[in-house]
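Geometric and topological summary
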Amino acid sequence: MKSIAELDEIRRKTLEQISLRSNENGLRVIVGMATCGIAAGARPVMKAFMEEISKRKLQNITVFMTGCIGACRLEPIVDIIDSEGNKTTYVKMTAEKAERVVLEHIVNGKVCSELTIGAEESKK
Amino acid sequence: MRDLSLHILDIVQNSIKAKATEISIILKHEDISSLGKNILKLIITDNGTGMEYELLNRVEDPFMTTRTSRKVGLGIPLLKESALKCDGEFKLSSQKDAGTEITAAFPIDHIDRLPVGDVGETMITLISSNPEIRFMLFLEGEKGSFGLDTREVAESLKGVIITEYTVINWLKEYIDDGIKNIFGGVLNEVNC
């Protein structure tokens, strides 16, 4: 069984890595996590973002949750806000789409236009 | 909601909105066969702003919400529904400025009882987004008990923040281990 004592080792290793990081203003990933989001599957989406960002060793990115944005029928919704404050809203997210957004948008800087709220709303 | 862990994630959002700084989540298996009782109890307690008597009477109504973005609030009604549909119990108590406590009891053998679900994932989702809140998770069953207190974790981490992915990942494994040890076999449905 795991014990709290293991945290000491994690702490030591992490401290070594932290010293290598820069402090520039980062990108924010915000996942809607109200009743509507949770029921639509926001938890696995948020996990996919955290996993993918850590797997690719991307720095200065924070992933966090927010309440209901008001467009419940489009949940899970994810907002990505870059260091200049530009916001992109992705809708009907899944873990697979999250992986794609990390690769194309966050790593390569190219917005996945067909997954955005604009693309979804113009379908009608 | 498909399982209890999603309900927990949802209900705790209310505590966070109520500016709680300490949130405790208890999952307890109570097997009192002599009384014909074999229940799984979920108790969520916070030290947030609490509710006045008048509001407390209205929160179980789906058309009551504090949010302004839409007119319905389903978090509490859905949990109540999940408890009542398997002949369980639901109780909500709160006092202005003294926090809120929600208790839901689920008869384990009822066919409509929700599975426990991935409590580990719920906890890391909550912790990584709200590192400043002290979360306590307590599991109790026939096989013993398991406790996690993020304040204790933060103290052992001096200098490293709890939202570091390596820490979050370790917490997930730690909680999964706890669930497996306490409920594996009894409920025999870890993460399903």
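Worth saying up front: this structure is predicted, and the values here are computed from it rather than measured. (Residues numbered from 1 in each chain as written. Chains lettered and ligands numbered in written order. Predicted model: local features only at pLDDT ≥ 70, side-chain atom pairs only at ≥ 80, totals over all residues. Heavy atoms only, no water.)

1. Some remarks on the overall build of chain A
- Counting its regular elements, chain A contains 5 helices and 4 strands.
- Each helix and strand of chain A, placed in order from N terminus to C terminus, yields the pattern α-β-α-α-β-β-β-α-α.
- Based on the C-alpha atoms only, the size of chain A along its principal axes is roughly 55 × 35 × 20 Å.
- Here the analysis covers contacts within chain A between residues at least 6 apart in sequence; of these, 64% occur between residues at least 24 apart.
- With an accessible surface of roughly 6600 Å², chain A has 49% of that area assigned to carbon and sulfur atoms.
- Each charge class in chain A was averaged separately, 19 positive and 17 negative side chains, and the resulting centres sit 3 Å apart. (Helix = DSSP H or I, 4+ residues; strand = E, 2+ residues; numbered from the N terminus. Contact = heavy atoms within 4.5 Å. Areas by Shrake-Rupley, 256 points an atom, 1.4 Å probe, with all protein chains shown as cover. Lys, Arg positive; Asp, Glu negative; His and termini not counted. Charge placed at Lys NZ, Arg CZ, Asp CG, Glu CD.)

2. Considering the interface of chain A and chain B
- Of the residues lining the interface, 33 residues belong to chain A; the matching set on chain B comes to 40 residues.
- Carbon and sulfur atoms supply 64% of the area buried between chain A and chain B, which totals about 3200 Å² over both sides.
- On the chain A side of the contact with chain B, Lys 2, Thr 35 and Arg 43 of chain A bury the most area, a combined 24% of that side's loss.
- Taking the shortest distance from any N to any O, the salt bridge between Lys 2 of chain A and Glu 173 of chain B comes out at 3.1 Å.
- Looking at the side of chain A that touches chain B, the elements with two or more residues in it are helix 1 (6-18), helix 2 (35-40), helix 3 (42-55) and strand 2 (61-66) of chain A.
- When residues in the side of chain A that touches chain B are grouped by element, the largest group, 8 residues, is from helix 1 of chain A.
- Tallied by class, the residues present in the side of chain A that touches chain B amount to 20 nonpolar, 5 polar and 8 charged. (Buried area = accessible area lost by both parts, 1.4 Å probe. Salt bridge = Lys/Arg side-chain N within 4 Å of Asp/Glu carboxyl O. Nonpolar A, V, L, I, M, F, W, Y, C, P; charged D, E, K, R; others polar.)

3. Some remarks on the confidence of the model for chain B
- Residue-level pLDDT values for chain B average 89, and 93% of them are 70 or greater.
- Predicted complex, confidence summary: ipTM 0.87, pTM 0.91. (pLDDT = per-residue confidence, 0-100.)

4. A look at the sheet that holds strand 4 (residues 87-90) of chain A
All names here are of chain A.
- Within the open sheet, the 4 strands sit side by side as 2-1-3-4. Their pairing is mixed. Strands at the two margins of the open sheet, each flanked by one partner only, are strand 2 and strand 4. Ignoring strand direction, the axes of neighbouring strands in this sheet form an average angle of 20 degrees.
- In this structure, strand 1 (residues 27-32) lies alongside strand 2, joined through 6 bridges in parallel fashion. Bridge pairing links Val 29 to Val 63 in strand 2.
- Packed on one face of the sheet, helix 3 meets strand 1, strand 2 and strand 3 (78-81) and runs near 170 degrees to strand 2. (Pairing = 2+ DSSP bridges. Axes fitted to C-alpha atoms, helices over the stretch in contact; angles between N-to-C directions.)

5. Regarding the side chain of Lys 2 of chain A
- Structurally, the position occupied by Lys 2 of chain A is in the segment before helix 1.
- Beyond its immediate sequence surroundings of up to four residues, Lys 2 of chain A is in contact with Trp 170, Glu 173, Tyr 174 and Asp 177 of chain B.

6. A look at the environment of Gly 88 of chain B
- In this fold, Gly 88 of chain B is placed in the loop between helix 3 (75-84) and strand 3 (89-95).
- Residue Gly 88 of chain B is classed as buried on the basis of its relative accessible area, which comes to 13%. (Buried < 20%, exposed > 50% of the residue type's maximum accessible area, 1.4 Å probe, protein only.)

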